[in-house]
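Given next are the chains, with one letter for each unit.
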Amino acid sequence: MPNVVIVSGSPSSISRLNGLTGYAEEKLRELGWEISHLHVASLPAEDLVLARWDSPAIIEANKRIEAADAIIIASPVYKASFTGVLKTYLDLLPQNGLEGKVVLPLFIGGTIAHLLTIDYALKPVLSALYAKHITAGVYAVDSQVKKLDAGGYELDEDLVKRLERAVLGFAEATELFRNSKTSIGS
């Protein structure tokens with residue numbers, strides 16, 4: 001069964017971004033996937049800011065990425081890019097840290113004006129980390145994710161359709177990639 005690490009670049013644990021990652025997690029669990037989370041803001045700030053490659057927390061986070069079949073990179077959009085805390089962590093991954101991983105970007109922002117953030121801000125960084133299998137991501141606008149008083153999130157119907165397509169495409173790409181590695185190795 002495939003395993004995925006959901007890497008959240010949100011500085012907040014109660015971000016609307018959780019509506020997107022929660023949906024992806026639910027769909028992948030239904031398919032029998034193992035899911036784990038890496039909330040980058042929970043890593044020691046000094047280790048991130050001072051680029052402590054040898055920090056036990058950073059080493060452990062990087063091992064989790066290395067062991068995963070697939071990665072979801074999730075971030076709110078600030079100043080037309082993903083968060084600084086996410087960039088700081090990505091800088092601490094080994095040069096080939098995403099080699100052989102299928103990656104699904106999930107972003108959320110305040111306006112549709114930043115729709116191309118995934119393509120112009122994130123993908124060059126992922127490519128520098130040897131990510132060759134980046135599936136079609138989803139960019140959502142804050143207004144498409146409603147926080148519920150009882151907890152949880154309600155997603156706009158259009159967003160649900162786009163997430164469904166993206167997550168199923170991500171799952172299919174991961175399975176194809178895993179099967180191709182298995183047949184090459186046999």
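You'll find the structure just up there.
Residues numbered from 1 in each chain as written. Predicted model: local features only at pLDDT ≥ 70, side-chain atom pairs only at ≥ 80, totals over all residues. Heavy atoms only, no water.

Colleague: I would appreciate a short explanation of the overall build of the protein chain in the present structure.
Modeller: Looking only at helices and strands, the protein chain features six helices and nine strands. Scaling as 2.2 N^0.38, a compact globule of 186 residues should have a C-alpha radius of gyration of about 16 Å, and the protein chain matches this with 16 Å. The 186 residues of the protein chain split such that 44% are buried. For the protein chain, the share of sequence-separated contacts (at least 6 apart) that also reach a separation of at least 24 residues comes to 81%. Accessible surface, the protein chain: about 9,300 Å² in total, of which carbon and sulfur atoms supply 55%. The average position of the 18 basic charges and that of the 22 acidic charges among the side chains of the protein chain differ by 3 Å. (Helix = DSSP H or I, 4+ residues; strand = E, 2+ residues; numbered from the N terminus. Rg over C-alpha atoms; globule rule 2.2 N^0.38 Å. Buried < 20%, exposed > 50% of the residue type's maximum accessible area, 1.4 Å probe, protein only. Contact = heavy atoms within 4.5 Å. Areas by Shrake-Rupley, 256 points an atom, 1.4 Å probe, with all protein chains shown as cover. Lys, Arg positive; Asp, Glu negative; His and termini not counted. Charge placed at Lys NZ, Arg CZ, Asp CG, Glu CD.)

Colleague: Can you walk me through the pattern of salt bridges in this structure?
Modeller: Should their charged atoms come close, side chains of opposite charge can pair. Counted by the stated rule, this structure contains ten salt bridges. Between Glu164 and Lys27 there is a salt bridge, with its nearest N and O atoms 3.6 Å apart. Of this pair, Glu164 sits in helix H6 (residues 157-185) while Lys27 sits in helix H1 (residues 17-30), placing them 137 residues apart in sequence. Of the charged contacts, one joins Arg178 and Asp69 as a salt bridge, the two residues approaching to 3.8 Å between their closest N and O atoms. Taken together, the residues span a long stretch of sequence, with Arg178 in helix H6 and Asp69 in the loop between helix H3 (56-67) and strand S3 (70-78) at a distance of 109 residues. Of the residues examined, Arg178 reaches a relative accessible area of 23% and is grouped as partly exposed. (Salt bridge = Lys/Arg side-chain N within 4 Å of Asp/Glu carboxyl O.)

Colleague: Is there a simple way to think about the nonpolar core in this case?
Modeller: Nonpolar side chains in soluble globular proteins tend to end up buried together. Counting residues in each nonpolar core, the largest one holds 31 residues, and the members touching the most others are Val7, Ile65, Ile71, Ile73, Tyr89 and Leu90. Of all the secondary structure elements, the ones that give two or more residues to this core are strand S1 (3-8), H3, S3, helix H4 (84-90), strand S5 (102-109), helix H5 (117-128) and strand S7 (138-141). At five residues, the largest contribution of residues to this core is made by H5. Among residues more than four places away in sequence, those in contact with Ile65 are Val5, Val7, Leu38, Ile71, Tyr89, Leu93, Gly97, Leu98 and Lys101. Counting 27 residues, the second-largest nonpolar core is a separate cluster that includes Leu20, Leu159, Ala166 and Ala171. (Core = buried A, V, L, I, M, F, W, Y, C linked by side-chain atoms within 4.5 Å.)

Colleague: Looking at this model, I keep getting lost on unusual backbone geometry. Mind explaining?
Modeller: Excluding glycine, residues mostly have negative phi values, and the peptide bonds linking residues are mostly trans. One non-glycine residue with positive phi stands out, namely Ala51, at about 50°. Residue position: Ala51 is located in the loop between helix H2 (45-49) and H3.

Colleague: Sorry if this is basic, but what is going on with H3 here?
Modeller: Think of an α-helix as 3.6 residues a turn; residues three or four steps apart then line up on the same face. Helix length check: H3, at twelve residues, gives a terminal C-alpha distance of 16 Å against a target of 16 Å (1.5 Å per residue), a fit within 8%. For H3, the set of buried residues is Ile58, Ala61, Asn62 and Ile65. When H3 is viewed along its axis, its buried side chains cluster within an angular range of 95° and face the same direction. Exposed residues lying more than 90 degrees from the buried face of H3 are Pro56, Lys63, Glu66 and Ala67. Considering only its buried residues, H3 is in contact with S1, strand S2 (34-39), H2, S3 and H4. (Expected span 1.5 Å × (residues − 1). Arc of directions from axis to C-beta.)

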